[in-house]
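Take a look at the letters that make up each chain.
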Amino acid sequence: MAVHPIDYRYGSEEMRRIWDEENKLQKLLDVEAALARAHARVGNIPEESARVISERASTEWVRPERVKEIEAEIHHDIMAVVKALSEVCGEHGKYVHLGATSNDIIDTANALLIRESLNIVKRDLGEIISILKRLAEEHKYTVCIGRTHGQHAVPTTYGMKFAVWLDEMGRHLDRIGELEERVLVGQMSGAVGTMASFGEKGLEIQRLVMGDLGLKPAVISTQIIQRDVYAELIMVLALIASTLDKIALEIRNLQRTEILEVSEPFGRRQVGSSTMPHKRNPVRSEKVSGLARVLYSNVIPALLNNPLWHERDLTNSSVERVILPESFVLLDEILKSIKKVLSGLEFFPENIKKNLYLTNNLIMAEPLMLKLAEKGMGRQDAHELVRQLAMKAFEEGRDLIEVAKESEEVKKFLNEEDFEGLKPENYIGLAPRIVENVIARIEEKEWKEGF
């Protein structure tokens, strides 16, 4: 019976399959097979033995049930795999795992699992980038109120919102590309990393194994790949989750009843509440924000896994059994959730405009101040004057521009034509050009092909 929600509720079947028991076993067997082939190539074992080991290093021959049965007896998971593979290889089984230590197999297999998982993450990021590019382009002139400290600030555009997220997603793909250089690494270096068990051919064996598996060989290891690279991996996954959380949080806020400028899609037959039939809750975005918290929490144990006793201990092992699959499966879930939210995002133009004018033009205080400075009033004097006018407009519930027109001080510098230009739609600066620049930068990326 499934216990953890990643087994039945979160993540795609494709991602869960990578981390399921059988695929993890297959990756361990793939490494054992590559090791046998390397030994044969340097003349340590017969070619026929490498052929048989390679042929039978498959879950069709080595079943998880048999591995578990052996482990229950000997209490060592990798030796259970070695014994299960050896017994189906007959006389050739004596060459299985020759010279290797457990983490030569585990860490190299982990790199294979991580590579498969990162390929899915990159694909999803690419699809989100495509959606955000479209939204940024479509809404680069959609003027809305910008908010700082939760308060109305000055106008911006929805294109700017989407372009900020787009740029950040691009950085995540950059990070993954850099990360892969360090994390897609395997080792075949023996008990404490000296390769003594492989003799003079150790470096050649490691090179052959990693070349066979499409991984980089570790430059140096102890008995394990150093866990700073795993910590970096988990931190990058958590950082991606933080951007998805940021997007979800903004949509949740903009979907508030009092704001309702945008909304995540709501299905025709979707139920919002068990007791309030009218509810249209942002459940996908809330799920994203919730699951992101779990990914954040996995960063600390990943960091704690780096300092181990001497050449190694086992305290990292149980942690990684949890945080590696959990982080990838949960990130997979929130990536796909954000894709659904963004691809079906609903806009409410009438509310966007209503909120833009909600403060009776108080948001035009900055451009009013700058216009006064442009016309000759000192900047500091203009700031203080407009501050007083804004306070007056707020207290009297009146339009700031109308209050400003009554000011004798303002009249010394501004005429009716000057006031005509003081409209929110006219105060978006270079926002459209900034959005176009972000889109152009994304288009120039090497990884953009296929997205």
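An unreviewed UniProt entry annotates the protein as Adenylosuccinate lyase originating from Thermococcus celer Vu 13 = JCM 8558. The heading Sequence similarities (unreviewed entry) in the UniProt record of the protein holds the text "Belongs to the lyase 1 family. Adenylosuccinate lyase subfamily."

1. A short note on the packing of helix 6 (residues 102-138) against helix 19 (residues 431-443)
As a packed pair, helix 6 and helix 19 sit with axes 10 Å apart at the nearest point and diverge in direction by 155°. On the basis of the axis angle, helix 6 is roughly antiparallel to helix 19. Both helix 6 and helix 19 take part in a crossing whose hand is left-handed. Contact with helix 6, carried on its side by Ile129, Lys133, Ala136 and Glu137, involves Val435, Ile439, Ile442 and Glu443 of helix 19 and no other residues of that element. Of the residues in the contact of helix 6 with helix 19, the class split is 5 nonpolar, no polar and 3 charged.

2. Brief notes about the UniProt feature "domain: Adenylosuccinate lyase C-terminal" (unreviewed entry) in the protein
According to UniProt, the feature "domain: Adenylosuccinate lyase C-terminal" (unreviewed entry) maps to residues 360-439 in the numbering used here. Counted over residues 360-439, helix gives 66% and strand 0%. Its end C-alpha atoms are 34 Å apart.

3. Re the pattern of salt bridges
What the rule picks out here adds up to 46 salt bridges. A salt bridge links Glu443 to Lys133; the shortest N-O distance between them is 2.6 Å. In this pair, Glu443 sits in helix 19 while Lys133 sits in helix 6, placing the two residues 310 residues apart along the sequence. Residue classification places Lys133 among the buried positions, given a relative accessible area of 18%. The residue Arg134 makes a salt bridge to Glu138 at a minimum N-O spacing of 3.5 Å. Here the residue Arg134 and the residue Glu138 both occupy positions in helix 6, the gap between them amounting to 4 residues, near one helical turn. A relative accessible area of 35% means that Arg134 is categorised as partly exposed. Overlapping salt bridges bring together Asp124, Glu127, Asp332, Lys336 and Lys339 as one network.

4. Examining the pairing of strand 1 (residues 143-148)
Looking at chain direction, strand 1 and strand 2 (residues 151-157) are connected through 5 bridges and run antiparallel. Paired with Ile145 across the bridge in strand 2 is Pro155. The antiparallel pairing of strand 1 with strand 2 creates a hairpin that spans 2 residues between the two strands, and His149 there sits at a positive phi of about 60°.

5. With respect to the nonpolar core
In this structure, Met188, Leu244, Leu331 and Leu342 are the most contacted members of the largest nonpolar core, which totals 113 residues. Sorting elements by how many residues they give to this core places helix 6 first, with 16 residues. Among the domains, domain 1 (1-7 + 14-98) and domain 2 (100-141 + 154-353) are the pair contributing at least three residues each to this core. Once residues within four sequence positions are removed from consideration, Leu244 is found in contact with Ile128, Met169, Val288, Leu331, Ile334, Leu335 and Ile338. If you look at the next biggest cluster of nonpolar residues, it comprises 25 residues, including Leu368, Ala393, Leu414 and Leu422.

6. Examining helix 14 (residues 365-374)
All buried positions along helix 14 are accounted for by Pro367, Leu368, Met369, Lys371 and Leu372. On its buried side, helix 14 packs onto helix 15 (379-396), helix 16 (400-406), helix 17 (408-411) and helix 18 (416-420). Note on helix 14: the residue one or two positions beyond its end, Gly376, has a positive phi of about 120°.

7. Things to note about the packing of helix 6 against helix 12 (residues 315-343)
Here helix 6 crosses helix 12 at 15°, and the two axes come no closer than 10 Å. Considered as vectors, helix 6 and helix 12 are oriented roughly parallel to each other. For helix 6 against helix 12, the interelement crossing comes out left-handed. By residue class, the composition of the contact of helix 6 with helix 12 is 15 nonpolar, 3 polar and 7 charged.

What counts, and where the lines are drawn
Position labels on residues start from 1 in each chain and follow its written sequence. Confidence filtering applies because this is a predicted model: local features only for residues at pLDDT of at least 70, side-chain atom pairs given and counted only at 80 or more, and all residues used for totals across whole chains, interfaces and linings. With hydrogens and water set aside, each side-chain value is computed from the structure's full complement of heavy atoms. UniProt positions are given in the numbering used here, feature names are shortened, and annotations may be inferred rather than shown by experiment. Only C-alpha atoms enter the line fits that serve as axes; for helices the fit covers just the stretch in contact. Angles between N-to-C directions range over 0 to 180 degrees. The helix and strand labels rest on DSSP assignments: H or I over at least four residues marks a helix, E over at least two residues marks a strand, and numbering proceeds from the N terminus. The cut-offs work like this: below 35 degrees is roughly parallel, past 145 is roughly antiparallel, 65 to 115 is roughly perpendicular, and the gaps in between are oblique. By definition, turning the near helix anticlockwise from the far helix through less than a right angle yields a left-handed crossing, and turning it clockwise yields a right-handed one. Whether two residues are in contact is decided by their heavy atoms: any pair within 4.5 Å suffices. Asp, Glu, Lys and Arg are counted as charged, while Ala, Val, Leu, Ile, Met, Phe, Trp, Tyr, Cys and Pro are counted as nonpolar; the rest, among them Gly, fall into the polar class. A pairing counts as a salt bridge when a side-chain nitrogen of Lys or Arg comes within 4 Å of a carboxyl oxygen of Asp or Glu. Each residue's exposure class comes from its accessible area (1.4 Å probe, protein chains only) as a fraction of the maximum for that residue type: buried when under 20%, exposed when over 50%, partly exposed otherwise. Being paired, for any two strands, means DSSP has found at least two bridges between them. Among buried residues, the Ala, Val, Leu, Ile, Met, Phe, Trp, Tyr and Cys ones that are joined through side-chain atoms within 4.5 Å form a nonpolar core. Note that the domain bounds were set by an automatic or database domain assignment.

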